[in-house]
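Commentary on secondary and tertiary structure
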Amino acid sequence: MECRVLSIQSHVVRGYVGNKSATFPLQVLGFEVDSINSVQFSNHTGYAHWKGQVLTAEELQVLYEGIKLNQVNRYDYILTGYSRDNSFLEMVVDIILELKKTNPSLVYVCDPVMGDHGVMYVPENLLPVYQEKIVPLSDILTPNQFEAELLTGRKIKTEEDAFEVMELLHKMGPGTVVLTSTDLPSKQGDKFLVALGSQKTVKPDGSKTSQKICMDIPKVDAVFVGTGDLFAAMLLAWTHHHPTDLKAACEKTVSVMHHVIKRTINYANDVAGPGKKPSPAQLELRMVQSKADIENPAIAVAVRVLE
């Protein structure tokens, strides 16, 4: 039985971000991916120059209409990332509602890309759409700490705070929540980044189970673009294979990330030369070169089960 994903994200001609970051890894793992590109840019906006076009809500509707007219609008998963327009996001909501009607067991994976380190990089009027419409529809949610705080109106200072915030997010809708990065101190020292996850599942007999996990991810001294998009895509893939075991799904997800990032930084440093800072072009993810790691990741990051 084929598994089909509708991915609504940005697209770049050169490099890996949005759909370019999600499609290849998902295809490698056997998923059929239908991509709608919310923007089409020459490259990501971390370069000195970029050019391109932005898809409007009306254009999104036209594309979806074409899929619907051919009666090929049945999906197992929807994946969404960066969106910076209110009407576009509202149209995404309409599409998800319709697709969930067509297939009630459809799983919606949402990366609520709004900002980081205390700064919003989307218009503020998107926040209520995420809070009131997107998060209640989502099954798997992958915010960073700042986005989780925005969505719940609660600050995270401790691990306990983080799990309380994830509990609030569960109450809003999603059964699986992963805080992809936090500012919390790692037990392994300052060279590690803490990520946390919480999953609530209902067994066939109706009984409920929950799992809470903690990951200490090695930090890399460089700015990568497209890693969040890769994370959400890999979490989709590995939760498909481990639907009730967040530990196993996250172990494989963060291990894929680790191998891709390690290969990328080694390549970038080699090309830049000794003592030189790699350019955005040199730091593009080494995705194709990481095909074997994506398919069968050696576990490089241990995930601890807290409950």
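Keep in mind that this is a model prediction, so the values were computed, not measured. (Residues numbered from 1 in each chain as written. Predicted model: local features only at pLDDT ≥ 70, side-chain atom pairs only at ≥ 80, totals over all residues. Heavy atoms only, no water.)

A word on the UniProt feature "domain: Pyridoxamine kinase/Phosphomethylpyrimidine kinase" (unreviewed entry) in the protein
Short version of the rule: UniProt positions are given in the numbering used here, feature names are shortened, and annotations may be inferred rather than shown by experiment. Segments assigned H or I by DSSP are reported as helices when at least four residues long, segments assigned E as strands when at least two residues long, and all are numbered from the N terminus.
As recorded in UniProt, the sites labelled "domain: Pyridoxamine kinase/Phosphomethylpyrimidine kinase" (unreviewed entry) are residues 88-268. Helix and strand shares over residues 88-268 are 48% and 20% respectively, and the end C-alpha atoms of the span are 36 Å apart.

Some details on the pattern of salt bridges
Applied cut-off: A carboxyl oxygen of Asp or Glu within 4 Å of a side-chain nitrogen of Lys or Arg is what we treat as a salt bridge. Buried residues are those whose accessible area, probed at 1.4 Å on protein chains only, stays under 20% of the maximum for their type, while exposed residues exceed 50% and partly exposed ones sit between those limits.
For the structure on display, the rule yields 13 salt bridges. Here lysine 200 and glutamate 167 are joined by a salt bridge, their closest N and O atoms 3.3 Å apart. Linking lysine 200 in strand β10 (residues 192-202) with glutamate 167 in helix α6 (residues 159-172), this pair joins segments that are 33 residues apart in sequence. The exposure class assigned to lysine 200 is partly exposed, which follows from its relative accessible area of 36%. Of the residues examined, glutamate 167 reaches a relative accessible area of 26% and is grouped as partly exposed. Linked by salt bridges that have partners in common, Glu2, Arg4 and Asp34 make up one network.

Topic: the layout of surface pockets
Convention followed: Using only the protein atoms, space was sampled on a 1 Å grid; points where a 1.4 Å probe fits but cannot get out form cavities, open sets with protein on both sides within 12 Å along at least five of seven lines form pockets, and lining residues are those with an atom within 4 Å of a point. Grid points are joined across faces, edges and corners, and a volume is the space filled by probe spheres set on the points.
Estimated volume of the second largest pocket: approximately 270 Å³. Val107, Asp139, Ile140, Thr176 and Pro243 are, among the 18 residues lining the second largest pocket, the residues nearest its centre. For the lining of the second largest pocket, the secondary-structure elements that each account for two or more residues are β10 and α7 (227-241). For the lining of the second largest pocket, the element with the highest residue contribution is β10, accounting for three residues.

A word on the packing of α7 against helix α8 (residues 246-272)
As a reminder of what qualifies: Working convention: axes come from line fits to C-alpha atoms, limited for helices to the stretch in contact. Angles between N-to-C directions cover 0 to 180 degrees. For any pair of crossing helices, the crossing counts as left-handed if the nearer helix is rotated counterclockwise from the farther one by less than a right angle, and right-handed if it is rotated clockwise. In what follows, residue pairs with any heavy atoms lying within 4.5 Å of each other are defined as contacts. We call Asp, Glu, Lys and Arg charged. Ala, Val, Leu, Ile, Met, Phe, Trp, Tyr, Cys and Pro are nonpolar, and the rest, Gly among them, are polar.
Across the interface, α7 lies against α8 with an axial gap of 8 Å and an inter-helix angle of 145 degrees. Relative to α8, the crossing made by α7 is right-handed. Seen from α7, the contacting residues are Thr227, Leu230, Phe231, Met234, Leu235, Trp238 and Thr239; seen from α8, they are Ala249, Cys250, Lys252, Thr253, Val254, Val256, Met257, Val260 and Ile261. Each residue belonging to the contact of α7 with α8 can be placed in one class, and the counts come to 12 nonpolar, three polar and one charged.

Structural notes on the environment of histidine 170
Note the following rule: The definition of a polar contact used here is a pair of N or O atoms within 3.5 Å, where within protein one atom must be able to donate a hydrogen and the other to accept one, and adjacent residues in sequence count solely through side-chain atom pairs.
Examined against the element boundaries, histidine 170 turns out to sit in helix α6. Linking histidine 170 and leucine 141, residues 29 residues apart in sequence, is a C-alpha distance of 9.3 Å. Setting aside residues up to four positions removed in sequence, histidine 170 forms contacts with Gly175, Thr176, Val177, Ser198, Gln199 and Lys200. Here proline 174 takes part through its backbone oxygen, which lies 2.8 Å from a polar atom of the side chain of histidine 170.

Observations concerning the packing of aromatic side chains
The criterion, for reference: Pairing of aromatic rings covers Phe, Tyr and Trp, the last counted by its six-membered ring, and requires centre-to-centre distances within 6.5 Å; plane angles under 30 degrees mean stacked, over 60 mean edge-to-face, and any other angle means tilted. Both a distance and an angle decide whether a charge sits over a ring: NZ of Lys or CZ of Arg must be within 6 Å of the ring centre and within 35 degrees of the ring normal.
Applying the stated criterion across every chain, the model contains two aromatic pairs. Geometrically, the ring pair formed by phenylalanine 41 and tryptophan 50 is tilted, given 4.8 Å between the ring centres and 40 degrees between the ring planes. Overall, phenylalanine 41 belongs to the buried group, its relative accessible area being 14%. The ring of tyrosine 16 carries lysine 20 above its face, with NZ or CZ at 5.6 Å from the centroid. Over the aromatic face of tyrosine 267 sits the side chain of arginine 286, whose NZ or CZ is 3.6 Å from the ring centroid.

With respect to the sheet that holds strand β8 (residues 140-141)
Whenever strands of a sheet pair, they do so through backbone hydrogen bonds, lying parallel or antiparallel. Which entries qualify depends on this criterion: When DSSP finds at least two bridges between two strands, those strands are taken to pair.
What the 10 strands build is an open sheet, ordered β3-β2-β1-β4-β5-β8-β9-β10-β11-β12; its pairing is mixed. Both edges of this open sheet fall to β3 (52-54) and β12 (303-305), since each of them pairs with a single strand only. Summarising the sheet, strand β1 (residues 4-12) and strand β4 (residues 77-80) pair through four bridges and their orientation is parallel. For serine 7, the partnering residue across the bridge sits in β4 and is leucine 79.

What about unusual backbone geometry?
Its identity as a non-glycine residue notwithstanding, glutamine 71 has a phi of 55 degrees, on the positive side. Mapped onto the secondary structure, glutamine 71 falls in the loop between α2 (57-69) and β4. Accessibility expressed as a relative area gives 70% for glutamine 71, which makes it exposed. The phi angle at histidine 117 is positive, at roughly 50 degrees, despite the residue not being glycine. Within the secondary structure, histidine 117 sits in the loop between β6 (115-116) and β7 (119-120). Look at histidine 117 and you get exposed, because its relative accessible area is 65%.

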